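Commentary on secondary and tertiary structure
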Amino acid sequence: MGSEIKSLDSDMQMLVYENYSKFITATDTIRRMKSNVEGMEERMTELQATIASTSERSDAVNSKLGAHREQIEQLNGVRGLIKKLQAVFDLPQRLRVCLDRNAIALAVKYYAAAAPLLDKYGEEGAFVGVKEEADKAAAEITERLKAGMAAAAAAAKRQQAMRAARAARAAAGDDATTTEEEEEEVGGG
């Protein structure tokens, strides 16, 4: 047993001797980690204080601007309403310009956008005149659309009649070309 103790003691001394540099390196690493952690704790405390201060300032700014924010939102809503009203009051003039330029589709777009507001308030105050002028322009737009559709329908009928005449001549064996006189007869003009 004494020899075993001596053997174990010499084995342990050998292990310590072989791993001495590793123990020293581990000790140095632990010291560095400890100093870094201590510095980190101080920095974390400073960071927490800075975050708390920033949060307090943010809360103060939000409370001061809270009432103003509501006012700004209300003013923004009023601004949007004023723009819509201005568009309605400018509607008759816009419709006349569109009619002068023969921009019927744009005139229809303007009128359709303003129609709900005119229907709702067209019988009140300043809207009465705007609605009357806009309705006159809309009636002219309607007439132009009807005239355009009638002209397109008449042109389609003329083309259909010309095709039928060509087909009839082709079936009879005549030359399938149409003369100007035949076009005038079919076209009625």
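Notes on the structure in this doc start here. For clarity, every value in this text was computed on a predicted model and none was experimentally measured. (Residues numbered from 1 in each chain as written. Predicted model: local features only at pLDDT ≥ 70, side-chain atom pairs only at ≥ 80, totals over all residues. Heavy atoms only, no water.)

Moving on, we come to the overall build of the protein. From N to C terminus, the protein includes five helices and zero strands. Ordered by position from N to C terminus, the α and β elements of the protein give α-α-α-α-α. For 189 residues, the compact-globule estimate of 2.2 N^0.38 gives 16 Å, and the C-alpha radius of gyration of the protein, at 47 Å, exceeds that figure by more than 25%. Viewed in the frame of its principal axes, the protein has a C-alpha envelope of about 140 × 65 × 25 Å. Counting every position in the protein, which comprises 189 residues, the buried fraction comes to 12%. The contacts of the protein with a sequence gap of at least 6 include a subset with a gap of at least 24, amounting to 57%. Accessible surface, the protein as shown: approximately 15200 Å² in total, 57% of it carbon and sulfur. (Helix = DSSP H or I, 4+ residues; strand = E, 2+ residues; numbered from the N terminus. Rg over C-alpha atoms; globule rule 2.2 N^0.38 Å. Buried < 20%, exposed > 50% of the residue type's maximum accessible area, 1.4 Å probe, protein only. Contact = heavy atoms within 4.5 Å. Areas by Shrake-Rupley, 256 points an atom, 1.4 Å probe, with all protein chains shown as cover.)

Looking now at the packing of aromatic side chains. Applying the stated criterion to the full structure yields one aromatic pair. Seen from their ring centres, Phe89 and Phe127 are 5.4 Å apart, and the 20 degrees between their planes marks the pair as stacked. Remark: Phe127 occurs in helix H4 (residues 127-172) and Phe89 occurs in helix H1 (residues 2-89); sequence separation between them is 38 residues. Phe89 gets classed as partly exposed once you look at its relative accessible area, which sits at 35%. It is Arg94 that lies over the ring of Tyr110; its NZ or CZ is 4.8 Å from the centre. (Phe/Tyr/Trp six-rings, centres within 6.5 Å; stacked < 30°, edge-to-face > 60°. Lys NZ or Arg CZ within 6 Å of the ring centre and 35° of its normal.)

The next thing to look at is a nonpolar patch on the surface. Together, Met40, Met44, Leu47 and Ile51 make up a nonpolar patch on the protein surface, roughly 390 Å² of accessible area in all. Among the secondary structure elements, Ile51 is positioned in helix H1. (Patch = residues over 30% accessible without salt bridge, like charges linked within 9 Å, V, L, I, M, F, W, Y side chains within 5 Å. Salt bridge = Lys/Arg side-chain N within 4 Å of Asp/Glu carboxyl O.)

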